[in-house]
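Take a look at the letters that make up each chain.
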Amino acid sequence: MSLTANGQRIVVNDVHLSYGSHAVLRGLTLHVAAGEIYALLGGNGAGKSTTMSALLGFVRPDAGTVEVAGYNPATQADQARAQIAYVPENVALYDHLTARENAAYLLALAGRRPEPQAIDAAFEATGLQEAAWDKRLGGFSKGMRQKVAIAIALLREVPVLLLDEPSSGLDPKATADFNRLVHDVARRGAAVLMVTHDLLSAADIADRIGFLEAGRIVDEAAAQGADRFDVRDLHRKFTAESVAA
Ligand SMILES: Nc1ncnc2c1ncn2[C@@H]1O[C@H](COP(=O)(O)OP(=O)(O)OP(=O)(O)O)[C@@H](O)[C@H]1O
Ligand SMILES: [Mg+2]
């Protein structure tokens, strides 16, 4: 794994990106360091998932630079993707396979063959109840699926975690469990970029929060030591007419 010159694991510098004539990103800049959780907030259609797609090398910026652990996803997609665990809102898992089989199969695709005990330990860390480990995913709730997905992400041991609204639809307890896990992954040194509409989660675990509007970050705030973010303040900012105007 290589790092970028400034020690940042995720670098988005002055990125412009359009779909045809529709300009979505217009000078987006954000950096996420190892061990840091960056919450990306923004209204529907603001370009959050597009930013994820650019980091995964599925779309290519028209201008500006993107780097993932030192790789350019636009020209080195395979290398960049090998550094990333990506957990979208609806994870692609196999309903006819058990939780253990899903983990073993998806990790093998990523070139990893963890010991069965390592898979058990990862499930345990996510709080997935043991009775579910050998059950087929077809009957799993959304929260249970997200636990399997995050266990697989943990086992990949990659330096970058991308989360696109992973906790939407989870109940408050499942969301809190999920947040605790994400926090643990970051403390182990991963750079985490988390797209969320859940201001409480962002306030709870983010080290930095950026507001994406009109294609760029119009406001960014950092947690100061034990001083966390104020949810009401975030809500006010989020619902203000336009910070970009
Ligand atoms: N493949 C595509 N082709 C054309 N337009 C697209 C494509 N993907 C997204 N868009 C458009 O780009 C804009 C940004 O979409 P994006 O999915 O990045 O938004 P988002 O911030 O993730 O929104 P949401 O909060 O609803 O998930 C939207 O106007 C969307 O319609
Ligand atoms: Mg989206």
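Note that the structure is a prediction, hence the values are computed from the model and not measured. (Residues numbered from 1 in each chain as written. Chains lettered and ligands numbered in written order. Predicted model: local features only at pLDDT ≥ 70, side-chain atom pairs only at ≥ 80, totals over all residues. Heavy atoms only, no water.)

1. As for the overall build of the chain
Item 1. When helices and strands are tallied, the chain shows 8 helices and 9 strands.
Item 2. Burial status across the chain gives 48% buried among its 245 residues.
Item 3. Put simply, 68% of the contacts in the chain that link residues at least 6 apart link residues at least 24 apart.
Item 4. Once the 24 positive and 29 negative side-chain charges of the chain are each reduced to a mean point, those two points are 2 Å apart. (Helix = DSSP H or I, 4+ residues; strand = E, 2+ residues; numbered from the N terminus. Buried < 20%, exposed > 50% of the residue type's maximum accessible area, 1.4 Å probe, protein only. Contact = heavy atoms within 4.5 Å. Lys, Arg positive; Asp, Glu negative; His and termini not counted. Charge placed at Lys NZ, Arg CZ, Asp CG, Glu CD.)

2. Quick notes on the UniProt feature "domain: ABC transporter" (unreviewed entry) in the chain
Item 1. UniProt records the feature "domain: ABC transporter" (unreviewed entry) for residues 10–239 in the present numbering.
Item 2. End C-alpha atoms of residues 10–239 are separated by 28 Å, and the span's content is 36% helix alongside 26% strand. (UniProt positions renumbered as here; feature names shortened; annotations may be inferred.)

3. Observations concerning the packing of aromatic side chains
Item 1. Taken as a whole and judged by the stated rule, the model has 3 aromatic pairs.
Item 2. For the ring pair Y94 and Y105, a centre distance of 5.5 Å and an interplane angle of 75 degrees mean the geometry is edge-to-face. Of this pair, Y94 sits in the loop between β5 (84–87) and α3 (99–109) while Y105 sits in helix α3, and the two are 11 residues apart along the sequence.
Item 3. Among the residues examined, Y105 registers a relative accessible area of 39% and is labelled partly exposed.
Item 4. Measuring from centroid to centroid gives 6.0 Å for F211 and F238, while their planes differ by 50 degrees, and the two rings are tilted. Here F211, found in strand β8 (residues 208–213), pairs with F238, found in helix α8 (residues 231–239); they are 27 residues apart in sequence, far enough to count as distant.
Item 5. On the accessibility criterion, F238 (30% relative accessible area) is partly exposed. (Phe/Tyr/Trp six-rings, centres within 6.5 Å; stacked < 30°, edge-to-face > 60°.)

4. Regarding the packing of α3 against helix α4 (residues 116–126)
To describe two helices that pack against each other, one gives the angle between their axes and the distance between the axes.
Item 1. Packing of α3 against α4 brings their axes to within 11 Å, and their N-to-C directions diverge by 115 degrees. Taken as a pair, α3 and α4 cross one another with a handedness that is right-handed. Here α3 contributes A99, R100, A103 and A104 to the contact with α4, which in turn contributes I119, D120 and F123.
Item 2. For the contact of α3 with α4, the residue count by class is 5 nonpolar, no polar and 2 charged. (Axes fitted to C-alpha atoms, helices over the stretch in contact; angles between N-to-C directions. Left-handed = near helix turned anticlockwise from the far one by under 90°. Nonpolar A, V, L, I, M, F, W, Y, C, P; charged D, E, K, R; others polar.)

5. Considering the packing of α3 against helix α5 (residues 142–156)
Item 1. Contact pair α3 / α5: the axes reach a minimum separation of 10 Å and the direction vectors enclose 40 degrees. Overall, the two elements α3 and α5 adopt an arrangement that is oblique. In this structure, the crossing between α3 and α5 has a hand that is right-handed. Contacts from A99, N102, A103, L106 and L107 of α3 reach α5 at V148, I152, L155 and R156.
Item 2. When grouped by side-chain class, the residues that make up the contact of α3 with α5 number 7 nonpolar, 1 polar and 1 charged. (Parallel < 35°, antiparallel > 145°, perpendicular 65-115°, else oblique.)

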